[in-house]
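Per-entry structural report
Spelled out, the chains give:
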Amino acid sequence: MRSVQSWLDEYAESHQHPVNITIHWVCVPLIMLSIIGLLASIKLDIKLLSSYPELNHAGFILVVLGSLYYFFLSKSLLIGMLPVSTLMLFLVSWMSNLPFPVWQTSLIIFIISWVGQFYGHKIEGKKPSFFKDIQFLLIGPLWLLSKLYKKFGILY
């Protein structure tokens, strides 16, 4: 398995322009929210979660599996991602109270956020390949968090 620093360095290669970085501060969390929201539309029947119907969906499973991946990459970054992931799950639950289905709201957020990402990469002049984009869906949030960690002198 690659090191977290290796992933972050590769991600940073195509995220140098200040405007692109700013766009990513907005779009990466929104893409994370939208993917969890889209997957939340896939209801599950996991007995362990039967007392928590607001978590009994595929979005929660993604958060759990993503957290396991983060555990092996960096325990310190995992600790930072836990409140972020919890907030995302809370927001998806809140979105279920809107007059539109969560999947529709999530799809709109997803499309608008990706348009922003593509614009940022156009400004950057570098765009990772499609397959790297998919891998980077899990790395993007860590990259942002690692920038906060550096700002506050937290090791990861």
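One structure accompanies this document, and this report is about it. (Residues numbered from 1 in each chain as written. Predicted model: local features only at pLDDT ≥ 70, side-chain atom pairs only at ≥ 80, totals over all residues. Heavy atoms only, no water.)

**Considerations on the nonpolar core**
- In this structure, Leu8, Ile36, Leu77, Ile139, Leu142 and Trp143 are the most contacted members of the largest nonpolar core, which totals 32 residues.
- Mapped by element, the contributors of at least two residues to this core are α1 (4-13), α2 (18-40), α3 (58-73), α4 (75-95), α5 (102-124) and α6 (130-151).
- Leaving out residues up to four positions away in the same chain, Leu77 has contacts with Val4, Leu8, Leu142, Leu145, Ser146, Tyr149 and Tyr156. (Core = buried A, V, L, I, M, F, W, Y, C linked by side-chain atoms within 4.5 Å. Buried < 20%, exposed > 50% of the residue type's maximum accessible area, 1.4 Å probe, protein only. Helix = DSSP H or I, 4+ residues; strand = E, 2+ residues; numbered from the N terminus. Contact = heavy atoms within 4.5 Å.)

**Re the environment of Glu124**
- Structurally, the position occupied by Glu124 is in helix α5.
- Once you skip the residues sitting within four places of it in the chain, Glu124 turns out to touch Ser14, His15, Gln16, His17 and Asn20.

**Observations concerning α2**
- Along its 23 residues, α2 runs 33 Å from first to last C-alpha, staying within 8% of the 33 Å computed at 1.5 Å per residue.
- Maximal helix bending in α2 amounts to about 30 degrees, located at His24. (Expected span 1.5 Å × (residues − 1). Bend = angle between axes of the 7 residues up to and from the residue.)

**Regarding a nonpolar patch on the surface**
- A contiguous nonpolar patch, built from Trp25, Val26, Leu30, Leu148, Phe152 and Ile154 and spanning about 540 Å² of accessible area, is present on the exposed surface.
- Counting residues per element, the nonpolar patch draws most heavily on α2, which supplies 3 residues.
- Structurally, the position occupied by Phe152 is in the segment after α6.
- Judged by its relative accessible area of 59%, Phe152 is exposed. (Patch = residues over 30% accessible without salt bridge, like charges linked within 9 Å, V, L, I, M, F, W, Y side chains within 5 Å. Areas by Shrake-Rupley, 256 points an atom, 1.4 Å probe, with all protein chains shown as cover. Salt bridge = Lys/Arg side-chain N within 4 Å of Asp/Glu carboxyl O.)

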